[in-house]
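Listed below are the residues making up each chain.
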Amino acid sequence: MSEAELGGFRQMQTAFREPLVVPTFLLAVAAMTSFVIWDVAREGGWGLGANLRVACAGIALGLLGLIRGLWSPSIRLQSLSLYFVMYAWQLVAGSTFGSDTLLQFPGLLVIMFASVFAFVHARDAWVNIVLAGISVPLVLPPAASTAQWLFVLGLFASVILLVWVNCAQRERTSAVIFLSKSQWKRDAQTDMLTGLPNRRTFESFMEREAWRLASSPTSLTLAIIDIDHFKMVNDLHGHDAGDGVLKEVADRLSGNLRDVDLLARLGGEEFALVMLGIPREAATALLGRLKNAIESRPLAVGTLGVRCTISAGLATGAVGDESWDALYHRADQALYEAKAGGRNRIVASPLEAGV
Ligand SMILES: Nc1nc2c(ncn2[C@@H]2O[C@H](COP(=O)(O)OP(=O)(O)OP(=O)(O)O)[C@@H](O)[C@H]2O)c(=O)[nH]1
């Protein structure tokens, strides 16, 4: 699996890690499956009831994905949701106009394949267009019925919507996409030890993108995170173990983040976290979870188990155009207070007037 694919897979995992998404998703799938089996058994084969059940489940799953996607924008989830909504629409059209389900079925399989593909490679919108194009001859017989034309129409409408959503998302929430695709550029942007974006990437992200991506003045929170007494780790266990601790901390932090957050290593034992699209209280709670994730169990470094704590200072974007380095200064000041207050704590900078 390439690095890009691995990244896509990790984002997919993150998208589904939110506590309520997985149970709701599984519940919806279980309900859909059992209702469809019940319908098939009752009707003695695949019929209208089964079609409508699948359609309802499609709408439910689609809405779930859209709500989840709006709350924490995820291109993959939104792509998948659009496809679900489209299946449902298509099935309703098929049931209402009495089209030939057998003709639609191979088309559905291709679209389903396309949706899974889009889910993993959502940035490559052209793939969706090609796959949708392939599915058209499969579903459209020479003398097409109204339902079949509706199906094709729906197919293209959804593809256009999908491309549009992809483009809009690219503009709006691309903390992840901001990180470059090409290898050489990625190397220059990456901290070699932890694999996280480096200080330069963080600074250009803050200069060029962050304010624009924040949907409201209070939806951007910057946290500066610092490992406590890290010098002691080096002194006690050696520099290599210190490196291992840095890697472990980076992994644990990124494993607990949403796909729209940007975590960077600023240097030494200091990290920056940019949280977009959530209010300050939620950002503080997220920081609490990160702190807990680090201190709850020892970090595995070779055969060692090293216990660590972190301190963090956070500042939420101010109304108007506070420069990003003013925001950084406030977060840094809060971190200083956390250290001076005894470490292993989170301090939030007071809100600027007007926020
Ligand atoms: N192993 C390792 N150590 C590093 C790296 N970069 C910086 N350091 C060490 O990190 C340590 C940072 O020490 P200090 O700035 O005193 O901070 P601290 O011990 O964490 O103390 P507080 O931040 O006040 O809790 C120094 O000993 C640096 O040599 C690195 O990439 N790898």
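The structure this text deals with has already been given above.
About the thresholds
- Residues numbered from 1 in each chain as written.
- Predicted model: local features only at pLDDT ≥ 70, side-chain atom pairs only at ≥ 80, totals over all residues.
- Heavy atoms only, no water.
- Helix = DSSP H or I, 4+ residues; strand = E, 2+ residues; numbered from the N terminus.
- Buried < 20%, exposed > 50% of the residue type's maximum accessible area, 1.4 Å probe, protein only.
- Contact = heavy atoms within 4.5 Å.
- Areas by Shrake-Rupley, 256 points an atom, 1.4 Å probe, with all protein chains shown as cover.
- Near = heavy atom within 4 Å.
- Polar contact = N/O pair within 3.5 Å; in protein donor to acceptor, adjacent residues only side chain to side chain.
- Nonpolar A, V, L, I, M, F, W, Y, C, P; charged D, E, K, R; others polar.
- Expected span 1.5 Å × (residues − 1).
- Axes fitted to C-alpha atoms, helices over the stretch in contact; angles between N-to-C directions.
- Parallel < 35°, antiparallel > 145°, perpendicular 65-115°, else oblique.
- Left-handed = near helix turned anticlockwise from the far one by under 90°.
- Phe/Tyr/Trp six-rings, centres within 6.5 Å; stacked < 30°, edge-to-face > 60°.
- Pairing = 2+ DSSP bridges.

**Q** Looking at this model, I keep getting lost on the overall build of the protein. Mind explaining?
**A** Each helix and strand in the protein was counted, giving 13 helices and 7 strands. By residue count, 47% of the 355 residues in the protein fall in the buried class. Residue pairs at least 24 apart in sequence account for 68% of intrachain contacts in the protein once pairs closer than 6 positions are excluded. Counting every atom, the protein has about 17300 Å² of accessible surface; 65% of that belongs to carbon and sulfur.

**Q** Quick question: what am I supposed to make of the site of the ligand here?
**A** In the vicinity of the ligand lie 16 residues, with His 229, Phe 230, Lys 231, Asp 243 and Arg 343 positioned nearest. A distance of 3.1 Å is found between an oxygen atom of the ligand and a side-chain nitrogen or oxygen belonging to Asp 226. Here Lys 339 contributes a side-chain N or O atom positioned 2.9 Å from an oxygen atom of the ligand. For the ligand, whose free accessible area comes to 670 Å², the fraction covered by protein is 66%. At the level of secondary structure, the elements contributing two or more residues to the shell around the ligand comprise β1 (220-227), α10 (230-237) and α11 (239-255). The element contributing the most residues to the shell around the ligand is α11, with 4 residues. Split into classes, the residues belonging to the shell around the ligand amount to 3 nonpolar, 5 polar and 8 charged.

**Q** Sorry if this is basic, but what is going on with α11 here?
**A** Residues spaced three or four apart along an α-helix face the same direction, because each turn holds 3.6 residues. When the terminal C-alpha atoms of α11 are compared, their 24 Å separation across 17 residues agrees well with the 24 Å that a helix rising 1.5 Å per residue should span. Burial in α11 covers these residues: Ala 241, Gly 242, Gly 244, Val 245, Leu 246, Val 249, Ala 250, Arg 252 and Leu 253.

**Q** Got a minute to help me understand the packing of α11 against helix α12 (residues 280-295) in this structure?
**A** When two helices pack together, their arrangement is given by the angle between their axes and by how far apart the axes lie. Between α11 and α12, the shortest axis-to-axis distance is 9 Å and the interhelical angle comes to 140°. Judged by the angle between their axes, α11 and α12 are oblique. Both α11 and α12 take part in a crossing whose hand is right-handed. Here α11 contributes Val 249, Arg 252 and Leu 253 to the contact with α12, which in turn contributes Leu 290, Ala 293 and Ile 294. Considering only residue class, the contact of α11 with α12 consists of 5 nonpolar, no polar and 1 charged.

**Q** Please clarify how the packing of α10 against α11 should be interpreted in this entry.
**A** Where α10 contacts α11, the axes come no closer than 7 Å and their chain directions differ by 135°. The angle between α10 and α11 places the two elements in the oblique class. Within the contact between the two elements, α10 uses Phe 230, Val 233, Asn 234 and His 237 and α11 uses His 239, Ala 241, Gly 242, Val 245 and Leu 246. Per-class residue counts for the contact of α10 with α11 are 5 nonpolar, 4 polar and no charged.

**Q** Looking at this model, I keep getting lost on the packing of aromatic side chains. Mind explaining?
**A** Tallied over the entire structure, the rule returns 3 aromatic pairs. Among the aromatic side chains, those forming a connected cluster through ring pairs are Phe 202, Trp 324 and Tyr 328.

**Q** What is the right way to look at the environment of Met 206 in this model?
**A** Looking at the element boundaries, Met 206 is found in helix α9 (residues 199-213). On the basis of relative accessible area, Met 206 is assigned to the buried category, the value being 1%. When the C-alpha atoms of Met 206 and Asp 325 are compared, they prove to be 8.6 Å apart, with 119 residues separating the residues in sequence.

**Q** What is the right way to read the sheet that holds strand β3 (residues 270-276) from this model?
**A** Within a sheet, adjacent strands bond to each other through the backbone by hydrogen bonds, running parallel or antiparallel. Sheet architecture is open: 5 strands sit in the order β2-β3-β1-β6-β7, paired in mixed fashion. Whereas interior strands pair on both sides, the edge strands pair on one side only; in this sheet they are β2 (262-267) and β7 (346-348). Shown here is a sheet whose adjacent strand axes are inclined to one another by a mean of 20°, direction ignored. When β2 meets β3, the two strands line up antiparallel, connected through 5 bridges. Across the sheet, residue Leu 263 finds its bridge partner in β3, namely Leu 273.

**Q** Help me understand the pairing of strand β6 (residues 310-316) in this model?
**A** In the case of a regular strand, side chains alternate between the two sheet surfaces. Among the 7 residues that make up β6, 7 are buried, leaving the element largely enclosed by the rest of the structure. Burial along β6 is two-sided: Ile 310, Ala 312, Leu 314 and Thr 316 facing one way and Ser 311, Gly 313 and Ala 315 facing the other are all buried. Here 7 bridges tie β1 to β6, and the two strands are oriented antiparallel to one another. Residue pairing across strands places Ile 225 opposite Ala 312, the latter belonging to β6. In this sheet, β7 lies alongside β6 in parallel orientation, the contact comprising 3 bridges. In the strand pairing of β7, Ala 312 is matched with Ile 346.

**Q** Can you walk me through unusual backbone geometry in this structure?
**A** Peptide bonds are, in most cases, trans, and in most cases residues other than glycine have a negative phi. A positive phi is found at Arg 343, a non-glycine position, where the angle reads about 70°. Among the secondary structure elements, Arg 343 is positioned in the loop between α13 (324-340) and β7. The phi angle at Asn 344 is positive, at roughly 50°, despite the residue not being glycine. Relative to the helices and strands, Asn 344 is located in the loop between α13 and β7.

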